[in-house]
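Here are the chains, one letter per residue:
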Amino acid sequence: MADQEKPQETVPAPATQVKDQPEPETETAPATESLPEPASEAEAKPAPAAAAAPEAPEAPEEPEVATEVPNPPETQTAPESVPEPTKTIPEQPAEPAPESLPEASVAVAAAAAAEPAPEATTAAAEEEKEPKPEYITKTPALEQLFEKLPDILSSTGHDEMWGVSLKDFNDAPTVNVVMKFLRANDGNVKLAEEQLIKALQWRKQMDPLALVDSTSYDAAKFGGLGYLTTYPREGSGDLVVTWNLYGAVKNIDQTFGDMDEFVKWRVALMELAVRELKMDQATEVMDYNGEDPYRMIQVHDYLNVSFLRLNPNIRAATKKTIEVFSTAYPELLREKFFVNVPAIMGWMFAAIKLFVSANTTRKFHPISNGANLAREFPTLKDKFPKVYGGSGPDLEGSARTVSLEQEIVPEAEAVAAAAA
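Nothing here was measured: the structure is a model prediction, and the numbers come from that model. (Residues numbered from 1 in each chain as written. Predicted model: local features only at pLDDT ≥ 70, side-chain atom pairs only at ≥ 80, totals over all residues. Heavy atoms only, no water.)

Chemist: Kindly report on the environment of V285, identifying the contributing residues and their values.
Modeler: For V285, the position within the fold is in the loop between α17 (259–277) and β6 (296–301). For V285, a relative accessible area of 24% translates into the label partly exposed. Once the C-alpha coordinates of V285 and N170 are considered, the two residues, 115 residues apart in sequence, prove to be 9.6 Å apart. When sequence neighbours within four positions are dropped, the list of residues in contact with V285 reads Y135, A172, V175, N176 and M179. (Helix = DSSP H or I, 4+ residues; strand = E, 2+ residues; numbered from the N terminus. Buried < 20%, exposed > 50% of the residue type's maximum accessible area, 1.4 Å probe, protein only. Contact = heavy atoms within 4.5 Å.)

This is how it looks when you write it as structure tokens:
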């Protein structure tokens, strides 16, 4: 009986608070609102029942609060507490403490329930992430390289490549640029990362866009040596061709004597061609194992160039140009034609095939007679210059080139040169 009477003693606790505070509803309302469990509703109902006995018998329907709600069938004191609620209130002055503990526990539980578990938060965040594009998921090496891209851009402090501002794998121009570096290194992520870093560092230092937009070159040194043509093709996109006419060099020492100046001129011509590829306007990502539409044709004309006595300046400038282009412009060349090459030099290209990859040699095409070049492009024969076997206009006057200017020679120097 002592165990059964203990629950009865805890019941009057709400009434005690009612006596001390004339408005019981304001005391019990916060407790009711802070309880998310169904039991909170059961505890909210007995508060007004302290003054109205008829509602007390409903307590047996809530077994979870049986220790706090009087059970008339099992106790003999419940009827006494109904007619004299005010007499039983002062008999339990120390019982409010047990009730405050459940309220504190409920408050903690409610706070915990309000904050989702870390696992649930992580899972929800994963669900909210957009799925990765197929061109990323089906090429693990490309995905790995993009994971490194933020650090690459941060370490180099430069994000521009061929007119494209590098972003993430949701940006088609960015994907096409990054893909070229990966393809150039046969899918090796580490090598592609290293080359991309070097290329970005070089562009930051060289500023090739400025070499095109705000730099002019000496016409006496570079006039007539480089051109750019763009030939529209039905259903295949434009064909971009750069022409390097080394046979048109007037003075070898002037043109190749300043190696840095020669490289800048050569880079400016290349950047002019890269713009014609319009990589920054791409709306679709190219297939990693498929056709690359963002490549150009290069024609090197060696008419009247002696291969037997190659000038050291030419050799040094050529070597430097190859180093720069192989690092900064990977996978931009579709094919390269060496025209007007003496037949005796055919052995040189045969030897090259022994030291370079098949992918590279497939791009090299030596042609001893430049007039046969147009045969390689039968659909564009009417557009190629006549000197190369076509029926189109000559390069000079019809093709584009970099900005050229005549060097202004001081009058005193001109007089001295004339007297000499």
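Still more to cover.
Chemist: So what's going on with the nonpolar core? Residues and values would help.
Modeler: Formed by 62 residues in total, the largest nonpolar core has its most connected members in M161, W162 and Y329. Among the secondary structure elements, those contributing two or more residues to this core are α11 (140–156), α12 (172–184), α13 (189–206), α14 (208–213), α17 and α18 (312–328). In terms of residues, this core owes the most to one element, α17, which gives 11 residues. Looking at this core, you find at least three residues from each of domain 1 (134–206) and domain 2 (209–405). Those residues in contact with Y329 that lie beyond four places of it in its chain are W162, W202, R203, P208, V267, M270, E271, V274 and V324. (Core = buried A, V, L, I, M, F, W, Y, C linked by side-chain atoms within 4.5 Å. Domains from an automatic or database assignment.)

Chemist: Which residues make up the packing of aromatic side chains, and what values do they have?
Modeler: A complete count under the given rule lists 16 aromatic pairs for this structure. Each ring, one from W162 and one from F181, has its centre 5.6 Å from the other, and the planes form 15°; the classification is stacked. Placement of the pair is W162 in the loop between β1 (160–161) and β2 (164–165) and F181 in helix α12, with a sequence separation of 19 residues. The same class applies to W162 and to F181, which are both buried. Through a chain of ring-to-ring contacts, the aromatic side chains of Y231, W243, F337, F377, F384 and Y388 assemble into a single cluster. (Phe/Tyr/Trp six-rings, centres within 6.5 Å; stacked < 30°, edge-to-face > 60°.)

Chemist: Just give me the short version of the packing of α11 against α13, but keep the residues and values in it.
Modeler: As a packed pair, α11 and α13 sit with axes 10 Å apart at the nearest point and diverge in direction by 30°. Compared by their axis directions, α11 and α13 come out roughly parallel. For the element pair α11 and α13, the recorded crossing hand is right-handed. Residues A141, Q144, L145, K148, L149, I152, L153 and T156 of α11 pack against V189, A192, E193, L196, I197, L200, Q201 and K204 of α13. (Axes fitted to C-alpha atoms, helices over the stretch in contact; angles between N-to-C directions. Parallel < 35°, antiparallel > 145°, perpendicular 65-115°, else oblique. Left-handed = near helix turned anticlockwise from the far one by under 90°.)

Chemist: Let's hear about unusual backbone geometry: which residues, and what values?
Modeler: One non-glycine residue with positive phi stands out, namely W162, at about 55°. The backbone of D207 shows a phi angle near 55°, a positive value even though the residue is not glycine. Along the polypeptide, D207 turns up in the loop between α13 and α14.

Chemist: Describe the side chain of E271, listing the residues and the values that go with them.
Modeler: Positionally, E271 belongs in helix α17. Among the polar contacts made by the side chain of E271, one reaches the side chain of R203 at a distance of 2.9 Å. When neighbours within four sequence positions are excluded, E271 is seen to be in contact with R203, P208, L209, V212 and Y329. (Polar contact = N/O pair within 3.5 Å; in protein donor to acceptor, adjacent residues only side chain to side chain.)

Chemist: Describe the environment of N251, with residues and values.
Modeler: Along the chain, N251 turns up in the loop between β5 (239–245) and α16 (252–257). C-alpha separation for the pair N251 and F222, spaced 29 residues apart in sequence, amounts to 9.8 Å. At 3.1 Å, the side chain of N251 and the backbone nitrogen of D253 are in polar contact.

Chemist: Break down α17 for me, citing the residues and quoting the values.
Modeler: For α17, spanning 19 residues, the distance from its first C-alpha to its last is 27 Å, which sits close to the expected 27 Å at 1.5 Å a residue. Of all 19 residues in α17, 14 are buried, a share of seventy percent or more. Positioned one or two residues after α17, K278 has a phi angle of 60°, which is positive. (Expected span 1.5 Å × (residues − 1).)

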